[in-house]
Amino acid sequence: MRITGYRLLATVHEWGRPVGDVNGVVAGGVTEVPVVLLETDGGLNGVGLGGHADIHRVFPALDGQDPRAVTSLYDRMLAHVFKSGHGGQVFATIGALDMALWDLKAKMAGEPLWRTLGAADRFVPGYASGLEYALTDEELVAFYAPWAQRGFTGAKVKGGLDTDRDVRRLIAVRDVLRVNSPRPALMYDVNESWGRHQAVRLARQVEARVDLTWIEEPVRRWDVAGHRDVVSGVRAAVATGENLTGLEHFRPLLDADAVGVVQTGSVWGITHFLRVSTLAFGHGLPVSPVGYNANPVAHAAAAVPNHLVTEVQDLSAPVGLRVDQEIADGGIVLGDTPGLGIEVDEETIAAGTASGQWSIAAGPHVRPDDAGLRLAPQGR
């Protein structure tokens, strides 16, 4: 079987609420979900989810190749763009195609990907994460109630600008999940909104009132010294890595003992997750994939020995995607459908009229013009 071409689709995820973090919010609650279908001469299609803006540059590395050689093809894609680099949308494109390759490999074997990758158990432990920065305190509690009903014992809360507000919300979520555990796991994500000069001080303010499992992305993703300061200055683990692309970005953090929970972005694909997991395992560290539509990396998470917990962001799937998995018992129960278990209904997608935009022009430390200079969060 050989790879012969691809088709690109664009569907949406309808969250039913505003979603986002300290750096920006999608008020309409509708975000785009790019889909690539990798075609073969055997009639099978591989499904990949995530941005693929540079597919015209990357696909020639796959054209005519046997899709079963997934890891070799991953390196072939990296080599194909070697001169110009593989950051940003190039790495996203490689990740989407890599996901489609693994989907094909498992389909050709007639088994779910978690089996192909060597997992013994279809259950993947998870934590709830609503991208809930824009919700009111009351809406936050209402949002996490169904997750408690599904057995979740941990959740993430977004924050960064106002530690008093963040503490209040962390406590509220903790109380919701206490039906399942006397001490729920609380993940506190500030999405790189703190500078090194303030991160330890602000983290300690929160830790003085809440028992945190980890603090996520306390400083900018590349700031090894800053992460090391936070690791040394707080009780909670420091989690980071979802925005890093390539092992070369992880090594300085791990070598400096500047991270406690190694994260990977699901949008970067299966092979990237597996390689980061191996690197983390060699340093005695756990790994945790950041959530994405349909939880495709959960199949790989089930197969690595140092998987800690997977972020689960919603209880429903994007429009036109049917996913063979169940969100139950505090995690993801993967099904037996061959491949990723994702079926694409192209007619439903084509008939859709909703549109959404996940990308936010602003980023960390970009504030409204009237916000003034803030060296500390609001209210402090």
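The preceding data block contains the structure.
Computed from a predicted structure; not experimentally measured. (Residues numbered from 1 in each chain as written. Predicted model: local features only at pLDDT ≥ 70, side-chain atom pairs only at ≥ 80, totals over all residues. Heavy atoms only, no water.)

So, about the pattern of salt bridges. Under the criterion given, the structure shown has 25 salt bridges. Measuring nitrogen to oxygen at the nearest pair gives 2.7 Å for the salt bridge that ties Arg 68 to Asp 66. Since its relative accessible area comes to 16%, Asp 66 is described here as buried. Put simply, Arg 228 and Asp 257 hold a salt bridge, and the shortest N to O gap is 3.5 Å. Placement of the pair is Arg 228 in helix H8 (residues 224-233) and Asp 257 in the loop between helix H9 (247-255) and strand S11 (261-265), with a sequence separation of 29 residues. (Salt bridge = Lys/Arg side-chain N within 4 Å of Asp/Glu carboxyl O. Buried < 20%, exposed > 50% of the residue type's maximum accessible area, 1.4 Å probe, protein only. Helix = DSSP H or I, 4+ residues; strand = E, 2+ residues; numbered from the N terminus.)

In this section: the nonpolar core. In terms of nonpolar packing, the biggest core is built from 89 residues, with Leu 38, Leu 49, Leu 62, Met 77, Tyr 144 and Leu 212 touching the most fellow members. The element that contributes the greatest number of residues to this core is helix H3 (residues 88-109), accounting for 12 residues. By size, the runner-up hydrophobic cluster in this structure holds 11 residues, among which are Leu 244, Val 262, Leu 279 and Ala 280. (Core = buried A, V, L, I, M, F, W, Y, C linked by side-chain atoms within 4.5 Å.)

To continue, consider unusual backbone geometry. Even without a glycine there, the phi angle at Glu 192 is positive, about 65 degrees. Looking at where Glu 192 falls in the secondary structure, it is placed in the loop between strand S8 (185-189) and helix H7 (196-207). One non-glycine residue, Glu 217, adopts positive backbone phi at about 45 degrees. Considering the arrangement of structural elements, one finds Glu 217 in the loop between strand S9 (214-216) and H8. For Glu 217, a relative accessible area of 1% translates into the label buried.

With that settled, consider the sheet that holds strand S1 (residues 3-14). In spatial order, the strands read S1-S4-S5; together these three strands make up an open sheet with antiparallel pairing. Of all the strands in the sheet, the pair left with one neighbour each is S1 and strand S5 (45-49). Here the average twist between neighbouring strands, direction ignored, is 25 degrees. Note that S1 and strand S4 (residues 30-40) share 11 bridges and pair antiparallel. Along S4, the bridge assignment pairs Leu 8 with Val 36. Packing of H3 onto the sheet brings it into contact with S1, S4 and S5, and relative to S5 it is tilted by some 140 degrees. (Pairing = 2+ DSSP bridges. Axes fitted to C-alpha atoms, helices over the stretch in contact; angles between N-to-C directions. Contact = heavy atoms within 4.5 Å.)

Below, the discussion takes up the pairing of strand S15 (residues 325-328). Examined bridge by bridge, S15 and strand S16 (residues 331-334) share four bridges and lie antiparallel to one another. Bridging across to S16, Gln 325 finds its partner in Leu 334.

The end-to-end C-alpha separation of H7 is 17 Å, in line with the 16 Å expected for 12 residues at 1.5 Å each. Of the positions making up H7, those classed as buried are Gln 198, Ala 199, Val 200, Leu 202, Ala 203, Gln 205, Val 206 and Glu 207. Among the structural elements, helix H6 (163-177), S8, S9 and H8 are those in contact with the buried residues of H7. (Expected span 1.5 Å × (residues − 1).)

Take the packing of aromatic side chains next. The full count for this structure, using the stated rule, is seven aromatic pairs. Measuring from centroid to centroid gives 5.4 Å for Tyr 127 and Trp 214, while their planes differ by 90 degrees, and the two rings are edge-to-face. Taken together, the positions of Tyr 127 in strand S6 (residues 123-129) and Trp 214 in strand S9 put the pair 87 residues apart, joining distant regions of the chain. Both residues of the pair, Tyr 127 and Trp 214, count as buried. Ring centres 5.9 Å apart and planes at 65 degrees place the aromatic pair Tyr 188 and Trp 194 in the edge-to-face group. Pair check on accessibility: Tyr 188 and Trp 194 agree, each one buried. Seen from the ring of Tyr 133, Arg 165 lies directly overhead, with NZ or CZ sitting 5.1 Å from the centre. (Phe/Tyr/Trp six-rings, centres within 6.5 Å; stacked < 30°, edge-to-face > 60°. Lys NZ or Arg CZ within 6 Å of the ring centre and 35° of its normal.)

Moving on, we come to the side chain of Asp 103. Inspection of the secondary structure puts Asp 103 in helix H3. Within the structure, the side chain of Asp 103 is placed 2.8 Å from the backbone nitrogen of Val 47, a separation counted as a polar contact. In this structure Asp 103 touches Asn 45, Gly 46, Val 47, Pro 338, Gly 339 and Leu 340, once residues within four positions along its chain are discounted. (Polar contact = N/O pair within 3.5 Å; in protein donor to acceptor, adjacent residues only side chain to side chain.)

The next thing to look at is the environment of Glu 347. Mapped onto the fold, Glu 347 is located in helix H12 (residues 346-351). For Glu 347, a relative accessible area of 67% gives the class exposed. In sequence terms Glu 347 and Gly 320 are 27 residues apart; their C-alpha atoms lie 7.9 Å from each other.

On to the packing of H6 against H7, then. Where H6 contacts H7, the axes come no closer than 9 Å and their chain directions differ by 40 degrees. Here H6 runs over H7; the crossing is right-handed. For the pair formed by H6 and H7, the contact residues are Thr 163, Val 167 and Leu 170 on the first element and Leu 202, Gln 205 and Val 206 on the second. Looking at the contact of H6 with H7 residue by residue, the classes come out as four nonpolar, two polar and no charged. (Left-handed = near helix turned anticlockwise from the far one by under 90°. Nonpolar A, V, L, I, M, F, W, Y, C, P; charged D, E, K, R; others polar.)

Attention now goes to empty space enclosed by the protein. Inspection of every chain in the model, using the stated rule, returns one cavity of 30 Å³ or more. Its volume calculated, the largest cavity comes out at about 30 Å³. Contributing to the lining of the largest cavity are Ser 266, Pro 289, Val 290, Gly 291, Tyr 292, Asn 295, Val 297, Ala 298, Thr 310 and Glu 311. Those elements that place two or more of their residues in the lining of the largest cavity are strand S12 (287-290) and strand S13 (310-312). Grouping the amino acids of the lining of the largest cavity by side-chain chemistry returns five nonpolar, four polar and one charged. (1 Å grid on protein atoms, 1.4 Å probe; cavity = no way out; pocket = protein on both sides within 12 Å on 5 of 7 lines; lining within 4 Å. Points joined across faces, edges and corners; volume = space filled by probe spheres on them.)

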